[in-house]
Amino acid sequence: WDQCPPPSYNDGVTMCSNPKYMELLRYVGTDVIELTGNHLWDYGYQKVIPTIEMYEQEGWKYFGGGRDIADALEPLTMTVNGNKIAFVGCNYFGVDWATTEMAGSAPCSPDDPKNLAYQINLIRQLRAEGYLVIATLQYEEYYFYQSTPQQRQDFAALRDAGAVVVNGSQGHHAQAFDVSNQGFIHWGTGNIFFGDQEATGAKQTFVDRHVFYDNQYLGTDLRTAFIVDDSQPVPMTPEQRSELLNTLFDVSVFQ
């Protein structure tokens, strides 16, 4: 919104970004925008559609939110270099959900934000159509490295339905992994251009580079960074990276 007030530590967690900062998204090579965030309309749902229109002008696709609930629940499908990719996502935790009258984030099911049945059925359908599905969840926020039993159950349900990647988009704090022949689960990738919380784990972050070839998911290259100045991810030193990965591997699941 071009009327956003200047950033201030006194703003708390009410989020607003001036359109001039779109340059950051261009710089990092954005192609797809996930709209599952539970701060999506901190400044009112009326700001969501103009935001989507800005993305569309850039040629960027979006998923996990939309102009209304039907648009928000629609998966994003594409074919990239012969690979059939589908993105699905929902907001399990928080507010700012889309309705028939309001833009917003996608609830996990039309009648219940925390019911994953709709997402599970959608993933099964897309998988049957030959798509490699990337499923994302705006889940409950935890400030520790390990996953909770409920988190493991819910994320695994999406992978069991056929998703080859399940990503926890909520994670202000980096979390661990669940790796199996079925696919890759990252319970929380951490912050990226935001890190004003005190915990070290809220300043450690991942950019997961997923590799697809010949319509198969080959695996993940884990890029690690540490956020400085509450905003800038800087690649980790070998020592920082080793310490973080050792910590996470100790609480990860390998099948």
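Positions within a chain are numbered from 1, following the residues in the order the chain's sequence is written. Where local features are concerned, this predicted model is filtered to residues with pLDDT of at least 70; where side-chain atom pairs are given and counted, the filter is 80 or more; whole-chain, interface and lining totals use all residues. Computation of side-chain values: all heavy atoms of the structure, hydrogens and water removed.

**Topic: the sheet that holds strand 10 (residues 183-186)**
Where strands meet in a sheet, backbone hydrogen bonds hold them as pairs that are either parallel or antiparallel. What counts here: For two strands to be treated as a pair, DSSP must find no fewer than two bridges joining them. For helices the rule is a DSSP run of H or I covering at least 4 residues; for strands it is a run of E covering at least 2, with both sets numbered from the N terminus onward. Should any heavy atoms of two residues lie within 4.5 Å, those residues are considered in contact. A fitted line through C-alpha atoms serves as each axis, taken over the contacting stretch for helices, and the angle formed by two N-to-C directions is quoted from 0 to 180°.
Taken in spatial order, the seven strands make up an open sheet running 4-5-7-8-10-9-14, and their pairing is mixed. If you trace the sheet from one side to the other, it starts and ends with strand 4 (76-80) and strand 14 (253-254), each paired once. Against the sheet, helix 5 (residues 149-161) contacts strand 7 (132-138), strand 8 (163-168), strand 9 (177-180) and strand 10, and its axis sits at roughly 155° relative to strand 8.

**Quick look at the state of the cysteines**
Using the following cut-off: In this description, the term disulfide denotes a pair of cysteine sulfurs within 2.5 Å. Relative accessibility decides the category of a residue: with a 1.4 Å probe and only protein chains considered, values under 20% of the type maximum give buried, values over 50% give exposed, and everything between is partly exposed.
Enumeration over the complete set of coordinates arrives at two disulfides. Through a disulfide, Cys4 is tied to Cys16; the S-S separation comes to 1.8 Å. Taking the torsion about the sulfur-sulfur bond, which here is approximately -75°, the covalent link between Cys4 and Cys16 counts as left-handed. A residue pair is termed long-range when its members are at least 10 positions apart, and Cys4 in the segment before helix 1 (22-27) and Cys16 in the segment before helix 1 qualify at 12 residues. Each disulfide pairs two cysteine sulfurs, and for Cys90 the partner residue is Cys108, the sulfurs being separated by 2.1 Å. In this structure the cystine formed by Cys90 and Cys108 twists about its S-S bond by roughly 75°; its chirality is therefore right-handed. Of the two residues, Cys90 is situated in strand 5 (residues 83-91) and Cys108 in the loop between strand 6 (104-105) and helix 4 (117-128); the sequence distance between them amounts to 18 residues. Considered together, Cys90 and Cys108 belong to a single accessibility category, that of buried residues.

**Some thoughts on the packing of aromatic side chains**
The following threshold applies: Centres within 6.5 Å are what make two rings of Phe, Tyr or Trp a pair, Trp counting through its six-membered ring; a difference in plane orientation under 30 degrees is then read as stacked, over 60 as edge-to-face, and the rest as tilted.
In the structure shown here, the tally under the stated rule is 12 aromatic pairs. Where Tyr92 meets Tyr139, the ring centres are 4.5 Å apart and the plane angle is 25°; that geometry is what we call stacked. Of this pair, Tyr92 sits in the loop between strand 5 and strand 6 while Tyr139 is found in the loop between strand 7 and helix 5, placing the two residues 47 residues apart along the sequence. Note on Tyr92: relative accessible area 8%, which makes it buried. A relative accessible area of 0% means that Tyr139 is categorised as buried. For the pair Tyr139 and Phe155, a centre-to-centre distance of 5.2 Å together with 80° between the ring planes defines the contact as edge-to-face. Remark: Phe155 occurs in helix 5 and Tyr139 occurs in the loop between strand 7 and helix 5; sequence separation between them is 16 residues.

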